[in-house]
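# An overview of the molecular structure
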Amino acid sequence: MTSYAEFHRRSLQDREGFWAEQAALIDWQQPFTQVCDNSRPPFTRWFVGGTTNLCHNAVDRHVAARGAQNALIFVSTETNQERVYSYAELHAEVQRMAAALLELGVKKGDRVLVYMPMIPEAAFAMLACTRIGALHSVVFGGFASVSLASRIDDAEPTLIVSADAGSRGGKVMPYKPLLDEAIQLSRHKPAKVLMVDRGLAPFTRVAGRDEDYAPLREKHLHAQVPCEWVEATHPSYTLYTSGTTGKPKGVQRDTGGYAVALAASMKHIFLGNPGETYFSTSDIGWVVGHSYIVYGPLIYGMATIMYEGLPIRPDAAIWWSLVEKYKVTSMFSAPTAVRVLKKQDPAALKKHDLSSLRALFLAGEPLDEPTAKWIAESLGRPIIDNYWQTETGWPILALCNGVEKAASKFGSPGKAVFGYDVKLFDENTGAELTGANQKGVVAIEGPLPPGCMQTVWRDDERFVKTYWNSIPGRSVYTTFDWGIRDEDGYFFILGRTDDVINVAGHRLGTREIEESISSHANVAEVAVVGVADPLKGQVAMAFAVLKDPGKAATPEMALKLEGEIMKVVDEQLGAVARPARVRFVSVLPKTRSGKLLRRAIQAVCEGRDPGDLTTIEDPSALQQVKDLVAG
Ligand code: ATP
Ligand code: MG
């Protein structure tokens with residue numbers, strides 16, 4: 001067995017040999033002639049000359065050997081549906097959808113915007129697009145018309161696939177009126193809208209533009225639509241980042257490199273095996289949904305669970321009941337979801353047999369130690385943090401236990417993943433920080449490995465300027481996150497580069513203060529931001545959600561609790577890190593993907609305009625902060 005250190009070293013030093021081997025994990029129609037063309041950095045091209053197809057690799061190639069095996073398991077606790085599609089059935093459904101798209105005029109290279117709830121047709125639509133060489137651009141179903149309109153204008157889709165409605169917590173959320181409004185607002189008008197009618201919300205149809213999927217599907221019941229073999233470098237999709245730090249960026253992904261990277265990650269990171277079941281609790285609107293609900297598990301011949309509903313409805317045992325029922329071997333979720341569960345009775349997590357589960361993988365946000373410990377103890381299964389971005393499409397930092405088993409360290413998403421030459425740099429001087437435990441900007445020396453973004457959609461200049469030109473004197477890819485690497489090569493992410501505050505000359509990561517506050521027994525979740533202060537330059541402000549809000553029911557009680565929390569910070573980090581105030585809210589402002597909107601909280605605290613809020617989950621959360629600041 002190779003050691004992981006050797007595996008990683010080879011991925012960088014014998015890039016061609018290493019990736020040529022990984023490329024054997026997928027099917028090629030035409031073999032590639034060059035593994036990596038980096039003659040025009042940072043526009044790296046992987047598997048040049050090769051032709052393949054994402055949908056073929058995710059669906060068709062499995063039909064012969066595992067046609068009867070589970071491919072897509074759809075569970076909705078919103079509509080109480082449960083439906084299992086075998087690989088053969090998935091193959092048929094995707095061809096029906098592909099035939100409908102072709103009939104409605106979609107061609108290779110066209111964009112198809114997918115604005116859908118978590119229903120099987122959303123996955124069919126994505127796979128149907130890549131099948132025919134069209135690019136999907138999935139927009140999270142929770143977005144309203146303004147966010148949707150800006151994405152329509154950016155992607156300029158020929159066609160939009162949508163549905164009558166989604167549902168959240170038992171409440172029907174109509175999509176069609178929002179879509180109609182968005183199209184009204186957008187400059188670009190799609191020629192066609194393809195509607196999946198779930199029978200949840202009646203909707204009006206625009207004659208000549210809107211088509212119902214059901215009759216088209218019926219018409220193409222026996223459709224045979226061959227996969228369009230595309231160049232490995234042909235774009236497969238565009239997808240927007242979460243917009244946590246500002247205007248979302250349109251990430252463009254290739255085909256061949258992405259398929260290879262996902263297959264390799266399923267094997268070496270996510271501990272998958274063909275024939276087993278993978279459960280990612282994300283949404284198809286996010287990169288995790290693209291890589292690890294739809295493409296990754298299917299490319300690897302696994303069954304994938306697509307879950308529509310909340311993690312705590314009908315009760316906090318729902319996810320774990322699915323793990324037991326479908327013998328899930330790998331599960332993927334986010335710290336934000338774990339924090340929701342944390343407010344529930346941990347007994348619910350123990351009700352089911354979780355012995356099939358090799359690990360619960362978590363990503364998307366810093367996983368603080370109390371939350372990691374709580375979920376590890378409640379489940380009794382290994383927890384594996386991993387760190388990456390919409391831009392990269394698959395993990396940058398993780399434990400590659402499929403190569404060599406390594407111990408987890410609390411608070412660390414692990415080591416640099418194969419293919420990634422992860423480095424730390426001083427943001428001011430551009431000096432590389434090679435020593436242990438030095439804090440710097442996490443960056444990747446090019447070329448980025450297969451699967452990462454090709455460019456910003458239609459904006460090569462923004463790609464270069466934003467990502468490759470921000471560390472002085474260096475041409476490296478910046479993640480915009482702070483980190484350190486310890487003596488064993490484990491990284492710790494300390495927060496985003498714009499989340500550092502400067503109190504009287506001391507530079508503090510808001511993440512460290514948050515982590516300290518979270519260790520107080522009554523704190524479920526907290527956000528810390530730096531606020532301008534005439535005396536100290538900046539001071540830290542904390543907004544916390546309590547497990548037991550009763551303990552801050554009166555102003556006196558709140559003040560007492562605030563004092564207690566400050567004492568915790570004093571003891572752990574020192575008085576310099578003590579927040580000026582700790583205020584209590586019932587909910588924190590987050591993006592739709594569950595990330596804390598610190599920049600919006602900070603702006604409100606400083607009396608500034610909070611900027612782009614198109615991706616905010618609950619505007620009333622920001623109002624609570626506003627009220628506290630005003631009061
Ligand atoms: P935008 O780039 O538009 O501001 P975003 O960065 O939130 O939005 P995503 O691509 O969804 O968009 O998120 C990636 C970011 O999430 C990372 O850069 C990092 O800040 C954070 N992140 C992801 N996983 C982890 C993790 N395991 N630990 C710490 N932070 C993480
Ligand atoms: Mg980002």
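This write-up is about the structure you can find in this document.

Thresholds, definitions, all that
- Here, residues in each chain are numbered from 1, in the same order as that chain's written sequence.
- Whichever chain is written first becomes A and whichever ligand is written first becomes 1, with later ones labelled in order.
- Thresholds applied to this predicted model are a pLDDT of at least 70 for local features of residues and 80 or more for the giving and counting of side-chain atom pairs; totals over whole chains, interfaces and linings are not thresholded and use all residues.
- Side-chain metrics in this entry use all non-hydrogen atoms of the structure; hydrogen atoms and water are not considered.
- With a 1 Å grid laid over protein atoms only, a set of points is called a cavity when a 1.4 Å probe fits there but cannot get out and a pocket when it is open yet has protein on both sides within 12 Å along at least five of seven lines; lining residues have an atom within 4 Å of a point.
- Grid points are joined across faces, edges and corners, and a volume is the space filled by probe spheres set on the points.
- Helix and strand definitions here come from DSSP, where helices need a minimum of 4 consecutive H or I residues and strands a minimum of 2 consecutive E residues; each element is numbered from the N-terminal end.
- Residues are grouped as follows: nonpolar covers Ala, Val, Leu, Ile, Met, Phe, Trp, Tyr, Cys and Pro; charged covers Asp, Glu, Lys and Arg; every other residue, Gly included, is treated as polar.
- Pairing of aromatic side chains here covers Phe, Tyr and the six-membered ring of Trp, requires ring centres within 6.5 Å, and sorts the geometry by plane angle: under 30 degrees stacked, over 60 edge-to-face, intermediate tilted.
- Partly exposed residues are those whose accessible area sits between 20% and 50% of the maximum for their type, while under 20% is buried and over 50% is exposed, using a 1.4 Å probe and protein chains only.
- Take the residue count of a helix, subtract one, and multiply by 1.5 Å to get its expected span.
- Near, as used in this document, describes a residue that has one of its heavy atoms within 4 Å of the molecule or strand being considered.
- Counting of polar contacts relies on pairs of N or O atoms within 3.5 Å, with two restrictions inside protein: one atom must be capable of donating a hydrogen and the other of accepting it, and residues adjacent in sequence are counted only when both atoms are side-chain atoms.
- The protein chains shown are the only cover counted for residues, whose accessible areas, like all others here, come from Shrake-Rupley with a 1.4 Å probe.
- In this description, contact between two residues means that some pair of their heavy atoms is separated by no more than 4.5 Å.
- In this description, strands pair whenever DSSP reports at least two bridges between them.
- Whether a crossover is right-handed comes down to one check: with the strands pointing away from the viewer, does the path from the first strand over the helix to the second run clockwise; if it does, it is right-handed.
- Interaxial angles span 0 to 180 degrees and are taken between N-to-C directions of axes, which are lines fitted to C-alpha atoms, for helices over the stretch in contact.
- Counted as salt bridges are all cases of a side-chain nitrogen of Lys or Arg within 4 Å of a carboxyl oxygen of Asp or Glu.
- This arc is taken over the directions from the axis of the helix to the C-beta atoms.

Applying the stated criterion to the full structure yields four cavities of 30 Å³ or more. Estimated volume of the largest cavity: approximately 140 Å³. Forming the boundary of the largest cavity are Arg339, Glu365, Pro366, Asp368, Arg511, Glu514, Glu515, Ser518, Glu525, Val526, Leu596 and Arg598. Among the secondary structure elements, those contributing two or more residues to the lining of the largest cavity are helix 16 (510–518) and strand 30 (523–533). Tallying contributions element by element places helix 16 first for the lining of the largest cavity, with four residues. Partitioning the lining of the largest cavity into residue classes produces three nonpolar, one polar and eight charged.

Below, the discussion takes up the packing of aromatic side chains. By the definition in use, this model includes 39 aromatic pairs. Considering the side-chain rings of Tyr4 and Phe7, the 6.2 Å spacing of their centres and the 40° angle between planes classify their relative orientation as tilted. Placement of the pair is Tyr4 and Phe7 together in helix 1 (residues 4–13), with a separation of three residues, close to one helical turn. According to the relative accessible area criterion, Phe7 is buried, its value standing at 12%.

We now examine helix 5 (residues 120–132). Spacing of three or four residues puts side chains on the same side of an α-helix, whose turn is 3.6 residues. The first and last C-alpha atoms of helix 5 sit 19 Å apart over 13 residues, in line with the 18 Å expected at 1.5 Å per residue. Across the 13 residues that make up helix 5, a large majority, 13, are buried.

This brings us to the site of ligand 1. Of all residues adjacent to ligand 1, which total 20 residues, the nearest are Thr241, Thr244, Thr245, Thr390 and Asp481. Measuring from an oxygen atom of ligand 1, one finds a backbone N or O atom of Gly243 at 2.7 Å. With the chains in place, 95% of the 640 Å² that ligand 1 exposes on its own is no longer accessible.

Mapped onto the elements of the fold, Leu239 is located in strand 14 (residues 237–240). Here Leu239 falls in the buried class, since its relative accessible area comes to 1%. Beyond its immediate stretch of four places on either side in the chain, Leu239 contacts Val138, Lys249, Gly250, Val251, Gly285, Trp286, Val287, His290 and Thr390.

Once that is clear, we can look at the pairing of strand 32 (residues 581–584). The sheet contact formed by strand 31 (residues 537–546) and strand 32 spans four bridges and is parallel. The residue of strand 32 that forms the bridge with Phe543 is Arg583. At this point the chain moves from strand 31, through helix 17 (residues 555–573), to the parallel strand 32, and the crossover so formed is right-handed.

What follows concerns the layout of surface pockets. As a volume, the second largest pocket reaches approximately 330 Å³. In this structure, the second largest pocket is lined by 22 residues; those nearest its centre are Pro382, Ile383, Ile384, Leu399 and Ser408. Going through the elements one at a time, helix 14 (369–379) and strand 20 (383–385) are the ones with two or more residues in the lining of the second largest pocket. Along the lines of polarity and charge, the residues of the lining of the second largest pocket split into 12 nonpolar, five polar and five charged.

Here the focus is the sheet that holds strand 24 (residues 440–445). Within a sheet, adjacent strands bond to each other through the backbone by hydrogen bonds, running parallel or antiparallel. Reading across the sheet, the four strands line up as 23-24-26-27 and stay open at both edges, with antiparallel pairing between neighbours. Both outer strands of the open sheet, strand 23 (421–425) and strand 27 (491–496), are each paired with one neighbouring strand and no more. Taking the axes of each pair of neighbouring strands and ignoring which way they run, one obtains an average angle of 50° across the sheet. Of the pairings in the sheet, the one linking strand 23 to strand 24 comprises five bridges and is antiparallel in character. Paired with Leu424 across the two strands is Val442, which belongs to strand 24.

Turning our attention to the sheet that holds strand 25 (residues 455–456). Sheet architecture is open: eight strands sit in the order 12-11-8-6-7-14-15-25, paired in mixed fashion. Edge positions in the open sheet fall to strand 12 (210–212) and strand 25, since each of these has one partner strand only. Where strand 15 (residues 250–253) meets strand 25, two bridges bridge the pair, whose relative direction is antiparallel. In the strand pairing of strand 25, Gln252 is matched with Thr455.

The next point concerns the pattern of salt bridges. As enumerated under the stated definition, the model contains 43 salt bridges in all. As a salt-bridge pair, Arg131 and Asp60 come within 2.8 Å of each other at their nearest N and O atoms. Taken together, the residues Arg131 in helix 5 and Asp60 in helix 3 (residues 54–66) connect sequence positions 71 residues apart. For Arg131, a relative accessible area of 2% gives the class buried. Salt-bridge contacts for Asp110 lead to Lys107; the nearest nitrogen and oxygen are separated by 3.9 Å. The buried category is assigned to Asp110, whose relative accessible area is 14%.

Here the focus is the side chain of Glu514. The residue Glu514 is located in helix 16 in this model. Those residues in contact with Glu514, other than ones at most four positions away along the chain, are Val526, Ala527, Val528, Leu596 and Arg598.

Positionally, Pro366 belongs in the loop between strand 19 (359–362) and helix 14. Residue Pro366 is classed as partly exposed on the basis of its relative accessible area, which comes to 26%. Separated by 229 residues in sequence, Pro366 and Lys595 place their C-alpha atoms 9.6 Å apart. Leave out the neighbours within four places in its chain, and Pro366 touches Pro335, Arg339 and Arg511.

Attention now goes to helix 17. For helix 17, which comprises 19 residues, the first-to-last C-alpha distance of 26 Å matches the rise-based estimate of 27 Å (1.5 Å per residue) to within 8%. The set of residues buried in helix 17 consists of Ala558, Leu561, Glu562, Ile565, Met566, Val568 and Val569. All buried residues of helix 17 lie within an arc of 150° about the axis, which places them on one face of the element. The exposed set on the far side of helix 17, more than 90 degrees from its buried face, consists of Glu556, Leu559, Lys560, Lys567 and Glu571. Of the surrounding elements, those touching the buried residues of helix 17 are helix 16, strand 30, strand 31 and strand 32. Directly beyond the C-terminal end of helix 17, a positive phi value near 105° is found at Gly574.

Further remarks concern the pairing of strand 30. Counted residue by residue, strand 30 has nine buried out of 11 residues, so it is predominantly covered. Where strand 30 meets strand 31, 10 bridges bridge the pair, whose relative direction is antiparallel. By the bridge assignment, Ala532 is partnered in strand 31 with Gln538. Where strand 30 hands over to strand 31, the hairpin turn is made up of three residues, counted between the paired strands.

Attention shifts here to unusual backbone geometry. Put simply, Pro41 and Pro42 share a cis peptide bond, and its omega is 0°. Between Gly446 and Pro447 the backbone carries a cis peptide bond, its omega angle lying at -5°. Positionally, Pro447 belongs in the loop between strand 24 and strand 25. Phi angles above zero are rare outside glycine, and Asn437 is one such case at about 60°. Locating Asn437 in the fold gives a position in the loop between strand 23 and strand 24.

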